[in-house]
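Given next are the chains, with one letter for each unit.
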Amino acid sequence: MSRSRSFVVHEEECEVEGADEGPFGSLRWRTLVSGDRTPSDSLTVGVAELEPGESEQFTPHRHAQAEVYYILSGAGTVTISGAEHAVRPGSTVFIAGGAEHGARNTGSGLLRLLYVFPSDAFSDIKYEFPIS
């Protein structure tokens, strides 16, 4: 039986996660919907941000779950399985489960994207980073 119930969450009330170092590069994010934080299941949703001018951005990685990005603001490049794709506000990106992908900010302002996983909780996503 599902434990989900309807609710509203406000982005500014969610904790900022991420760091300027480590496997995620310079990515910061706020998890908005996740079964370990909200009364939900089946989906994990959040907003990620990349500052302009960073040399290492969102490090290429993979995970078993498919993922969707919806670009809210800024300009960037999303790389999926070695192919680069320019993105801008309104762009939607579907990333198949297991595909290596990453992103970088190519604009002069903040790159913001909404991300969605078909997973009960963000903690269920197991990131794999290529060995450098």
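Figured I'd write up the structure that's included with this text. Sequence order as written defines residue numbering, which begins from 1 separately in each chain. Note on the predicted model: pLDDT of at least 70 is required for a residue's local features to be given, and 80 or more for side-chain atom pairs to be given and counted; whole-chain, interface and lining totals, by contrast, use all residues. To get the side-chain values, take all heavy atoms of the structure and skip hydrogens and water.

The way it works is that DSSP assigns letters per residue, a run of H or I at least four long becomes a helix, a run of E at least two long becomes a strand, and they are numbered from the N terminus. Note that Arg112 resides in strand β10 (residues 111-117). Residue classification places Arg112 among the buried positions, given a relative accessible area of 18%. Any pair of nitrogen or oxygen atoms within 3.5 Å is treated as a polar contact; in protein, a donor-acceptor pairing is required on top of that, and neighbouring residues in sequence qualify only through side-chain atoms on both sides. A distance of 2.9 Å separates a polar atom in the side chain of Arg112 from a polar atom in the side chain of Glu49. Only heavy atoms enter the contact rule, under which two residues are in contact if any of them lie within 4.5 Å. Leaving out residues up to four positions away in the same chain, Arg112 has contacts with Glu11, Val47, Ala48, Glu49, Tyr70, Ile71, Leu72 and Ser73. The classification of residues rests on relative accessible area computed with a 1.4 Å probe and restricted to protein chains. Under 20% of the type maximum is buried, over 50% is exposed, and intermediate values are partly exposed.

We count a salt bridge whenever a side-chain nitrogen from Lys or Arg sits within 4 Å of a carboxyl oxygen from Asp or Glu. Using the criterion set out here, one finds eight salt bridges in the structure. Here Arg28 ties to Glu51 by a salt bridge, and the two come within 2.9 Å at their closest N and O atoms. Pair noted here: Arg28 is in strand β2 (residues 28-33) and Glu51 is in the loop between β3 (44-50) and β4 (58-61), with a separation of 23 residues, a long-range link. On the accessibility criterion, Arg28 (22% relative accessible area) is partly exposed. Residue Glu51 is classed as partly exposed on the basis of its relative accessible area of 32%. A salt bridge links Glu100 to Arg62, with the nearest nitrogen and oxygen atoms 3.2 Å apart. Of this pair, Glu100 sits in the loop between β8 (92-95) and β9 (101-105) while Arg62 sits in the loop between β4 and β5 (67-73); the two residues are 38 residues apart in sequence, bridging distant segments of the chain. What makes Glu100 partly exposed here is its relative accessible area of 29%. By sharing partners, the salt bridges in this structure join Glu11, Arg28, Glu49, Glu51 and Arg112 into a single network.

Read these as layout, nothing more, since geometry by itself doesn't imply function.
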